[in-house]
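Each chain, written out:
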Protein chains: 2
Amino acid sequence: MSLLVTGSIGIDTVTTPYGVSENCAGGSAVYFSMAASYFSPVRFIGVIGADCPFDIAEVFAGRDVDLRGLEVRELSKTFRWKGSYHDTMNEAITDNVELNVLAEVPPEVPEVFTDSQFVFLANTNPALQHKLLDQISNPTFVAADTMNCWIQGYLNELKALLKRIDCIIINEDEAKMLANQRNLIKAVELIQQMGPRVTIIKRGDAGSLMFEANGDMFSLPAFPTADVKDPTGAGDSFAGALMGYLANAGNADFNTLKTALGYGTVAASFTIENFSLLGISSATRADIDKRFETLKKLTQF
Amino acid sequence: MSLLVTGSIGIDTVTTPYGVSENCAGGSAVYFSMAASYFSPVRFIGVIGADCPFDIAEVFAGRDVDLRGLEVRELSKTFRWKGSYHDTMNEAITDNVELNVLAEVPPEVPEVFTDSQFVFLANTNPALQHKLLDQISNPTFVAADTMNCWIQGYLNELKALLKRIDCIIINEDEAKMLANQRNLIKAVELIQQMGPRVTIIKRGDAGSLMFEANGDMFSLPAFPTADVKDPTGAGDSFAGALMGYLANAGNADFNTLKTALGYGTVAASFTIENFSLLGISSATRADIDKRFETLKKLTQF
């Protein structure tokens, strides 16, 4: 089934203990689509300005990513993010952010994309997530991400969004903030009451947890990786492989979601092993499947 | 097979966001033995002073814990620990510690215990761990715990100990400190080179990881618990159930270790649900087995 993503395209400058990556391709929709493309064709929606130093078509060359939803605004500037990671690299420090086109009106969903079945609303203002979702006629499974600034500033819009979607994919700290609860399991119970059938908690190197409204739970560790160079995009790659797997399977029942979470975990592990998109984009599908089997073995007893 | 533990007996005063527990039973050997006793008879070695406000025999009443290794020093004072947990309760803050008997000579291993097959050297000065291990004639499987102060102050003794034991059970931060490596997987590789066949990393609410010298790995999440009242003793309960299961099984091959890690995870989850020993001691074996099955389901796909 068709998979659509809306999210950011960013010009990233990232500093980690392993080096600096300047003005490279980033953004939630880009990482998401790169990971998802291993599993399913992707319909891509995003906006850049005239200043974008990389060619999005080239970034996705040879992959089934439909860029008819890519909008180039000649008078605007591309979203820029400058961040750094220190010590254990568990936390991104935002050194500078220029919203630029992300502060403007959202992109239009092309008519040919409005019948999309699987939809991922990557992290942005919940008001924009609503407007984008309004344009999809009858989706099968909608997932969304969010972050601290929207929880703090747009809580009502976010809560209204949670009633419209099937799945929230969110960081542990943000889940606790959203529910105003320091215990993660209690926080999840409160988030479930806000609406989504599936709640997925991203915990960085502590792996992930998944909860279904009927009480089912599932948990995976992060894939053990000795070479972590740049964690940027790990969460979006995780969501991309997860949603790509679901779209390809054509359903989102809990057993399918478990396998999807496994592929998300593996995609994130490739992303963090190199700067920008180098880690995930240089993996082959065989590499991904091999690591998936290792992950499965790692957790079975 | 027989299981022996040497470690601390403590008078604990613990403050968490849920309340205060004053002068209650604690210490590594006590938590360990309580959890282990669900799986195997336990041979207990530890020392208290004349001031101990609780009766150890009463603490273990109805359980198969052999206290012939309990030494009461009439002129000494019992080890005391005063600690607190804040916010997410992931970290214990030591507010006060009085080593008392722990700063004296170690206890003797009774003659009847010297043939013990499974041995756990709970956290103490590595020089004492050596002396205790010297008294065991021909153990099958020896595991030890340690902590930051010994890594910093007694690194040579600790490294010598690692060559004598089969398994190290250690917190993530301490593993990184021991290996002087900020990446956990690289830290484990270095610890493996120090000697033990099995390295088990405790990660609090992020679960645990286990590594075998032949390259095998295994990982479990923490058991999802909505009611965390007092994390004290979680690590020792974890080790207790793990070693108790192994001693009962009579071997420590990797498949047996996987199941043992599952029981350790479950024991820790009961311990943290109430103050002092109340959480673990009020569980039945049926409660433990039920949670074990849930944990297994939580991670299978």
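Residues numbered from 1 in each chain as written. Chains lettered and ligands numbered in written order. Predicted model: local features only at pLDDT ≥ 70, side-chain atom pairs only at ≥ 80, totals over all residues. Heavy atoms only, no water.

Asks: Would you mind showing me how to read the packing of aromatic side chains here?
Replies: What characterises a pair of aromatic rings is the spacing of the ring centres plus the angle enclosed by the ring planes. Residue and element names in this part refer to chain A. Under the criterion given, the structure shown has 20 aromatic pairs over all chains. Taking 5.3 Å as the distance between ring centres and 25 degrees as the angle between the ring planes, the aromatic pair formed by tyrosine 245 and tyrosine 263 counts as stacked. Here tyrosine 263 lies in helix 9 (residues 254-271) and tyrosine 245 lies in helix 8 (residues 234-249), a separation of 18 residues in the sequence. Given a relative accessible area of 22%, tyrosine 245 falls into the partly exposed group. (Phe/Tyr/Trp six-rings, centres within 6.5 Å; stacked < 30°, edge-to-face > 60°. Helix = DSSP H or I, 4+ residues; strand = E, 2+ residues; numbered from the N terminus. Buried < 20%, exposed > 50% of the residue type's maximum accessible area, 1.4 Å probe, protein only.)

Asks: Sorry if this is basic, but what is going on with the packing of helix 1 (residues 28-36) of chain A against helix 8 of chain A here?
Replies: Each pair of packed helices can be described by the angle between their axes along with the distance between the axes. All names here are of chain A. Where helix 1 meets helix 8, the axes come as close as 7 Å, and the angle between the chain directions of the two elements is 45 degrees. With respect to each other, helix 1 and helix 8 are oriented oblique. Note on packing geometry: the crossing formed by helix 1 with helix 8 is right-handed. Contacts from Ser28, Tyr31, Phe32, Ala35 and Ala36 of helix 1 reach helix 8 at Asp236, Ser237, Ala239, Gly240, Ala241, Met243 and Gly244. The residue inventory of the contact of helix 1 with helix 8, partitioned by class, reads seven nonpolar, four polar and one charged. (Axes fitted to C-alpha atoms, helices over the stretch in contact; angles between N-to-C directions. Parallel < 35°, antiparallel > 145°, perpendicular 65-115°, else oblique. Left-handed = near helix turned anticlockwise from the far one by under 90°. Contact = heavy atoms within 4.5 Å. Nonpolar A, V, L, I, M, F, W, Y, C, P; charged D, E, K, R; others polar.)

Asks: Sorry if this is basic, but what is going on with the relation of the copies chain B and chain A here?
Replies: What relates the two chain copies is a rotation about an axis together with a slide along it. Superposition of chain B onto chain A requires a rotation of 180 degrees combined with a translation of 0.0 Å along the rotation axis, giving an RMSD of 0.0 Å. The relationship between the two copies is best expressed as a two-fold rotation axis. Looking at the rotation axis and the C-alpha trace of chain B, the residue lying nearest is alanine 206 of chain B, at 2.5 Å. The residues that chain B uses at the interface reappear at the interface of chain A in 100% of cases, marking a shared surface. (Least-squares fit on C-alpha atoms with pLDDT ≥ 70 in both.)

Asks: Help me out: how do you make sense of helix 7 (residues 184-193) of chain B in this one?
Replies: One turn of an α-helix holds 3.6 residues; hence residues three or four places apart share an orientation. All names here are of chain B. Taken residue by residue, helix 7 has Leu184, Ile185, Ala187, Val188 and Ile191 as its buried positions. Relative to the axis of helix 7, the buried residues are bounded by an arc of 155 degrees and lie together on one face. Contact partners of the buried residues in helix 7: strand 10 (167-171), helix 6 (172-179), strand 11 (198-202) and strand 12 (208-212). Looking one or two residues beyond helix 7, the residue adopting positive phi is glycine 195, at roughly 140 degrees. (Arc of directions from axis to C-beta.)

Asks: How should the environment of aspartate 173 of chain A be read in this particular structure?
Replies: Mapped onto the elements of the fold, aspartate 173 of chain A is located in helix 6 (residues 172-179). For aspartate 173 of chain A and glutamate 111 of chain A, which are 62 residues apart along the polypeptide, the C-alpha to C-alpha distance reads 37 Å.

Asks: I'm lost on the interface of chain B and chain A in this one. Help?
Replies: One frequent convention defines the size of an interface as the accessible area lost when the parts assemble. Contacts between chain B and chain A engage 35 residues on the former and 35 residues on the latter. In total, about 3200 Å² of surface goes out of reach between chain B and chain A, with carbon and sulfur atoms giving 56% of it. When the buried area of chain B at its contact with chain A is split by residue, Arg182, Leu298 and Phe301 of chain B rank highest and sum to 25% of it. Joining chain B to chain A, the criterion identifies four salt bridges. Of the charged contacts in the structure, one is a salt bridge between lysine 186 of chain B and aspartate 227 of chain A, with a shortest N-O distance of 3.6 Å. Where chain B packs against chain A, one counts ten residue pairs in polar contact (both at pLDDT 80 or more). Listed by contribution, the elements that provide at least two residues to the side of chain B that touches chain A are helix 6, helix 7, strand 13 (217-220), helix 9 (254-271) and helix 11 (285-299) of chain B. The element that contributes the greatest number of residues to the side of chain B that touches chain A is helix 11 of chain B, accounting for six residues. Of the residues belonging to the side of chain B that touches chain A, the class tally is 14 nonpolar, eight polar and 13 charged. (Buried area = accessible area lost by both parts, 1.4 Å probe. Salt bridge = Lys/Arg side-chain N within 4 Å of Asp/Glu carboxyl O. Polar contact = N/O pair within 3.5 Å; in protein donor to acceptor, adjacent residues only side chain to side chain.)

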